[in-house]
Amino acid sequence: MSITRRSNIFDPFSLDLWDPFDGFPFNHSLLSFPRPSSSSSLSFPSDTSAFAAARIDWKETPEAHVFKADLPGIKKEEVKVEVEEGNVLQISGERTRENEEKNDTWHHVECSSGKFLRRFRLPENAKMDQIKAAMENGVLTVTVPKEEVKKPEVKSIEISG
């Protein structure tokens, strides 16, 4: 068995917003997120790239839907897990950038900073009032229990004759 990861563009359950103008040489974006100042000597990832950078796995077990988000360096107080109307699970937060000291010399920067937001439309069988979330070692686990599938009752009919 192999696990196939799909891009959000093709994921029918994903409500993520895509900014088609991200990376263009002008400051206006459909998402209207502030960009880092051009006075910075380094090229930090933009808020829009951080917005899309939160990696989340979604698996379904017989009992629940389980979401696992890799959020290294983020405290549980900096993360919000919310449920919106229409069975939408929203995971959001913000990773703050390390303060730059005047005498520091950065050689390479890959860690993103900024806000992130992911939204997932949950199926009808999700128990929205029993969702649980836990954070351990930089991994957020959100468990959404499923309603038990009622098996149709089979009644045997005696054949006369």
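This one's a predicted model, so the numbers in the text were calculated from it and none came from an experiment.

**Examining the overall build of the protein**
Point 1. Counting its regular elements, the protein contains one helix and seven strands.
Point 2. Put simply, the protein runs from its N terminus to its C terminus through helices and strands in the order α-β-β-β-β-β-β-β.
Point 3. Out of the 161 residues belonging to the protein, those deemed buried represent 26%.
Point 4. For the protein, the accessible surface area stands at approximately 12600 Å², while carbon and sulfur atoms represent 51% of it.

**As for the environment of Leu 140**
Point 1. Note that Leu 140 resides in strand 7 (residues 139-145).
Point 2. With residues near it in sequence (within four places) discarded, Leu 140 still touches Phe 67, Lys 68, Ala 69, Leu 71, Val 79, Val 81, Ile 91, Ala 133, Ala 134 and Met 135.

**What about the sheet that holds strand 7?**
Point 1. Strands sit in the order 1-2-7-6 across an open sheet of four strands; the sheet is antiparallel. Of all strands in the sheet, those bounded by a partner on one side alone are strand 1 (55-60) and strand 6 (132-136). Neighbour-to-neighbour, the strand axes of the sheet open up by a mean angle of 15°, direction not taken into account.

**A closer look at the packing of aromatic side chains**
Point 1. For the structure on display, the rule yields three aromatic pairs.
Point 2. Ring plane angle 75° and centroid distance 5.8 Å describe the contact between Trp 58 and Phe 120, whose orientation is recorded as edge-to-face. One end of the pair, Trp 58, is in strand 1; the other, Phe 120, is in strand 5 (residues 114-121), and 62 residues separate them in sequence.
Point 3. On the basis of relative accessibility, which here comes to 26%, the residue Trp 58 falls in the partly exposed class.
Point 4. Under the relative-accessibility criterion, Phe 120 is labelled buried at 2%.

**Remarks on the sheet that holds strand 3 (residues 79-84)**
Point 1. Across the sheet, three strands lie side by side as 3-4-5; this open sheet has antiparallel pairing. Looking along the sheet, the strands with just one partner apiece sit at the ends: strand 3 and strand 5. Geometrically, the sheet is characterised by an average inter-axis angle of 15° between neighbouring strands, direction not taken into account.
Point 2. One ladder, built from eight bridges, connects strand 4 (residues 88-95) with strand 5; its direction is antiparallel. Of the residues in strand 5, the one forming a bridge with Gln 90 is Arg 119.

Criteria and thresholds
- Residues numbered from 1 in each chain as written.
- Predicted model: local features only at pLDDT ≥ 70, side-chain atom pairs only at ≥ 80, totals over all residues.
- Heavy atoms only, no water.
- Helix = DSSP H or I, 4+ residues; strand = E, 2+ residues; numbered from the N terminus.
- Buried < 20%, exposed > 50% of the residue type's maximum accessible area, 1.4 Å probe, protein only.
- Areas by Shrake-Rupley, 256 points an atom, 1.4 Å probe, with all protein chains shown as cover.
- Contact = heavy atoms within 4.5 Å.
- Pairing = 2+ DSSP bridges.
- Axes fitted to C-alpha atoms, helices over the stretch in contact; angles between N-to-C directions.
- Phe/Tyr/Trp six-rings, centres within 6.5 Å; stacked < 30°, edge-to-face > 60°.

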